[in-house]
Amino acid sequence: MALFDRFKKTQTPRTEDSPAEQPAATDSQTSSAPQGMIARFRQGLKKTSDLLNTDLRDLFKREGRLVDDEFLDELFGILVKTDMGAGPANEIRDRVQADNRGRVVEMGDVLASVQASLRELMAQQEEPITMAAEGPTVVMVVGVNGSGKTTSIAKLAQMFVARGQRVVLGAGDTFRAAAVEQLTIWADRIGAEIVTGNAGGDPASVAHRAVAHAIEIKADICILDTAGRLQTQTNLMQQLEKIRRVMGKLIPDAPHEVLLVLDATAGQNGISQAKGFSDAAGCTGIVLAKLDGTAKGGVVIPIRRKFELPVKYIGLGETADDLALFDVDRFVEALFDAPQGQQQ
């Protein structure tokens, strides 16, 4: 068998993923002129922001509100609707109470307290991929079926290729032919190389060959896809440990990053996923996908708090360049970005 098998397809495959998971026709042509990063955050968080700002405006239908127990309970309910969970919502509620108790406040006063609390809850530096000191940097990507792994891998690869770096993809989801086909189309489209295996074959074998090929051609990055699996499937979770071991035989520190792709639309279930995958795979960071498709964008808050895993990137759309390095200040600003003239 050749060291790697390169597939070239001429049409988009039928996959089990949602339409948002399908490759765009031609990414460089279909995306509009690049927006500023703040504008992209706002667009990606639009559904969550619309929900928050509509409900917050409802708190202030009359001029000014007394910060009493009734007001604080209403605020708590609004925050919980974003899927941030009761813990963070309580902390924010307590901050608003401490800052404004017994005062008649306007919406801007409450927003200032809420935003300050969120920045403290989510405090982290920007966390790009940690690059190996020498040789290929190996990134393993894990997550449940349908979380957006394949598209997130394509977006990461596109980011590196755009920097002039050489990228090898490993199609380790050997149990789903459509996943291999889809990743192959992405690889051809963005200019990355891809290593594949036989349908139903050993994913660890694909991982080993992908890393070996990256070493052989002196690639900068090797990104390995893994089969989607539930965090409760013990045998499949143990398979991730095997994949790590075989890569480590070629590069002792590999994988240098283990990224967990979480579907933002999954809400609180993402917390369970984060625990299971962190325990089994040694995750180093999170890619939050499909953030633009949900009003539950607050779920990133309890995940960040509970597991102390940095949110490295967020998916803000469907094309290959719709991936943004996570920034807490931009996130908080976009979360409360009411349409102009509607914030008080």
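The preceding data block contains the structure.
What you are looking at is a predicted structure, and each value in this text was computed from that prediction instead of being measured.

Colleague: Just give me the short version of the overall build of the chain, but keep the residues and values in it.
Modeller: Helix and strand content of the chain: 13 helices and 10 strands. Per-residue burial for the chain yields a buried fraction of 54% across its 344 residues. Here the chain displays about 14,700 Å² of accessible surface, and carbon together with sulfur accounts for 47% of that area.

Colleague: Account for the packing of helix H6 (residues 107-121) against helix H13 (residues 328-335), naming residues and giving values.
Modeller: When two helices pack together, their arrangement is given by the angle between the helix axes and the distance between those axes. Contact geometry for H6 and H13: axes closest at 10 Å, N-to-C directions at 145°. Once H6 is placed against H13, the crossing between them reads as right-handed. Where H6 abuts H13, its residues Gln 115, Leu 118 and Arg 119 lie against Val 328, Asp 329, Val 332 and Leu 335.

Colleague: Run through the packing of aromatic side chains, naming residues and quoting values.
Modeller: Scanning the model with the defined rule gives two aromatic pairs in all. Ring geometry for Phe 60 against Phe 71: centres 5.8 Å apart, planes inclined by 75°, an arrangement best described as edge-to-face. Residue Phe 60 is found in the loop between helix H3 (46-59) and strand E1 (65-66), and its partner Phe 71 is found in helix H4 (residues 69-80); the two are separated by 11 residues along the sequence. Classification of Phe 60 as buried rests on a relative accessible area of 12%.

Colleague: Account for the side chain of Gln 115, naming residues and giving values.
Modeller: Looking at the element boundaries, Gln 115 is found in helix H6. Its relative accessible area of 18% is what places Gln 115 among the buried residues. Setting aside chain neighbours within four positions, we find Gln 115 in contact with Val 332 and Phe 336.

Colleague: Talk me through the packing of H3 against H4; I want residue IDs and the actual numbers.
Modeller: Interhelical geometry of H3 versus H4 gives an angle of 170° and a closest axis separation of 10 Å. Of the possible angle classes, the one that applies to H3 and H4 is roughly antiparallel. Along the contact surface, H3 presents Leu 52, Asp 55, Leu 56 and Leu 59, while H4 presents Phe 71, Glu 74, Leu 75, Ile 78 and Leu 79. Each residue belonging to the contact of H3 with H4 can be placed in one class, and the counts come to seven nonpolar, no polar and two charged.

Colleague: How would you sum up unusual backbone geometry? Please name residues and give values.
Modeller: Residue Pro 255 follows Ala 254 across a cis peptide bond; omega there is -5°. Here Pro 255 is to be found in the loop between helix H10 (234-250) and strand E7 (257-263). Phi at Asp 83 is positive, roughly 75°, even though this residue is not glycine. Examined against the element boundaries, Asp 83 turns out to sit in the loop between H4 and helix H5 (86-100). Looking at Asp 83, the relative accessible area reads 15%, which means it is buried. Notably, Lys 218 is not glycine yet its phi reads approximately 60°, a positive angle. Relative to the elements of secondary structure, Lys 218 occurs in the loop between helix H9 (203-216) and strand E6 (221-226).

Colleague: Run through the sheet that holds E6, naming residues and quoting values.
Modeller: Ordered by their spatial adjacency, eight strands build an open sheet running E5-E4-E6-E3-E7-E8-E9-E10, and the pairing between neighbours is mixed. Looking at the sheet topology across the chains shown, the edges are occupied by strand E5 (193-195) and strand E10 (323-325). Strand after strand, the sheet turns through a mean of 25° between neighbouring axes, direction not considered. In the sheet, E7 pairs with strand E8 (residues 285-289) via five bridges, with the strands oriented parallel. Across the sheet, the residue bridging to Val 261 is Val 287, located in E8. Here helix H7 (residues 149-162) sits on the sheet in contact with strand E3 (137-142), strand E4 (167-172), E6, E7, E8, strand E9 (311-315) and E10, set at roughly 175° to E6. The sheet contacts of helix H8 (residues 177-190) involve E4, E5 and E6, and relative to E4 the element is tilted by about 170°.

Colleague: Can you explain the environment of Gln 238? Please cite residues and give values.
Modeller: Relative to the helices and strands, Gln 238 is located in helix H10. Considering only alpha carbons, one finds Gln 238 and Ala 281, 43 residues apart in sequence, at a separation of 8.5 Å.

Colleague: Explain the pairing of E7 to me, using residue names and the numbers behind them.
Modeller: A large share of E7 lies buried, amounting to seven of its seven residues. The alternating pattern of E7 places Glu 257, Leu 259, Val 261 and Asp 263 on one face and Val 258, Leu 260 and Leu 262 on the opposite face, and all of these are buried. The sheet contact formed by E3 and E7 spans four bridges and is parallel. If you follow Met 140 over to E7, its bridge partner there is Val 258.

Colleague: Give me the lowdown on H9, citing residues and values where you can.
Modeller: The end-to-end C-alpha distance of H9 is 20 Å, a good match for the 20 Å that 14 residues give at a rise of 1.5 Å each. Among the residues of H9, those classed as buried are Pro 203, Ala 204, Val 206, Ala 207, Arg 209, Ala 210, Val 211, His 213 and Ala 214. The opening residue of H9 is Asp 202, an N-cap whose side-chain oxygen sits 3.1 Å from the backbone nitrogen of Ala 204. Just past H9, the residue Lys 218 takes up positive phi, approximately 60°.

Colleague: Please set out H5 residue by residue, giving values where relevant.
Modeller: A rise of 1.5 Å per residue sets the reference length of H5, with its 15 residues, at 21 Å; its end C-alpha atoms lie 21 Å apart and thus fit the reference within 8%. The complete set of buried residues in H5 reads Pro 88, Ala 89, Ile 92, Arg 93, Val 96 and Asn 100. Each buried residue of H5 lies within a common arc of 140° when the element is viewed along its axis, so the set occupies one face. Of the surrounding elements, those touching the buried residues of H5 are H4, strand E2 (104-105), H6 and helix H12 (300-307). Among the residues trailing H5, Gly 102 stands out with phi positive, at a value near 80°.

Calculation criteria
In this numbering scheme, every chain counts its residues from 1 along its sequence in written order. Confidence filtering applies because this is a predicted model: local features only for residues at pLDDT of at least 70, side-chain atom pairs given and counted only at 80 or more, and all residues used for totals across whole chains, interfaces and linings. Values shown for side chains rest on all heavy atoms present in the structure; no hydrogens or waters enter the calculation. Counting from the N terminus, the helices are the DSSP runs of H or I reaching at least four residues and the strands are the DSSP runs of E reaching at least two. Here the term buried applies to any residue with accessible area under 20% of the maximum for its type, exposed to any over 50%, and partly exposed to those in between, with areas from a 1.4 Å probe on protein chains only. Surface accessibility follows the Shrake-Rupley procedure with a 1.4 Å probe radius. Residue values consider only the protein chains on display as shielding. Axis definition: a line fitted to C-alpha atoms, limited for helices to the stretch in contact. Angles are taken between N-to-C directions and run from 0 to 180 degrees. The crossing is said to be left-handed when, going from far helix to near helix, the turn is anticlockwise and less than a right angle, and right-handed when the turn is clockwise. When checking whether two residues touch, look at their non-hydrogen atoms; a contact exists if any pair is within 4.5 Å. Aromatic pairs are defined between Phe, Tyr and Trp rings, using the six-membered ring for Trp, whenever the two ring centres lie within 6.5 Å; interplanar angles under 30 degrees are classed as stacked, those over 60 as edge-to-face, and all others as tilted. Any angle between 65 and 115 degrees counts as roughly perpendicular, while under 35 counts as roughly parallel, over 145 as roughly antiparallel, and the rest as oblique. Following the grouping adopted for this structure description, the nonpolar residues are Ala, Val, Leu, Ile, Met, Phe, Trp, Tyr, Cys and Pro, the charged ones are Asp, Glu, Lys and Arg, and the polar ones are all others, Gly among them. Between any two strands, at least two bridges found by DSSP are needed for them to pair. In this scheme, a helix's expected span is set at 1.5 Å multiplied by one less than its residue total. Here a polar contact is recorded for every N or O atom pair within 3.5 Å, except that within protein the pair must consist of a potential hydrogen donor and a potential acceptor, and residues adjacent in sequence are included only if both atoms are side-chain atoms. What the arc describes is the spread of directions from the helix axis to the C-beta atoms.

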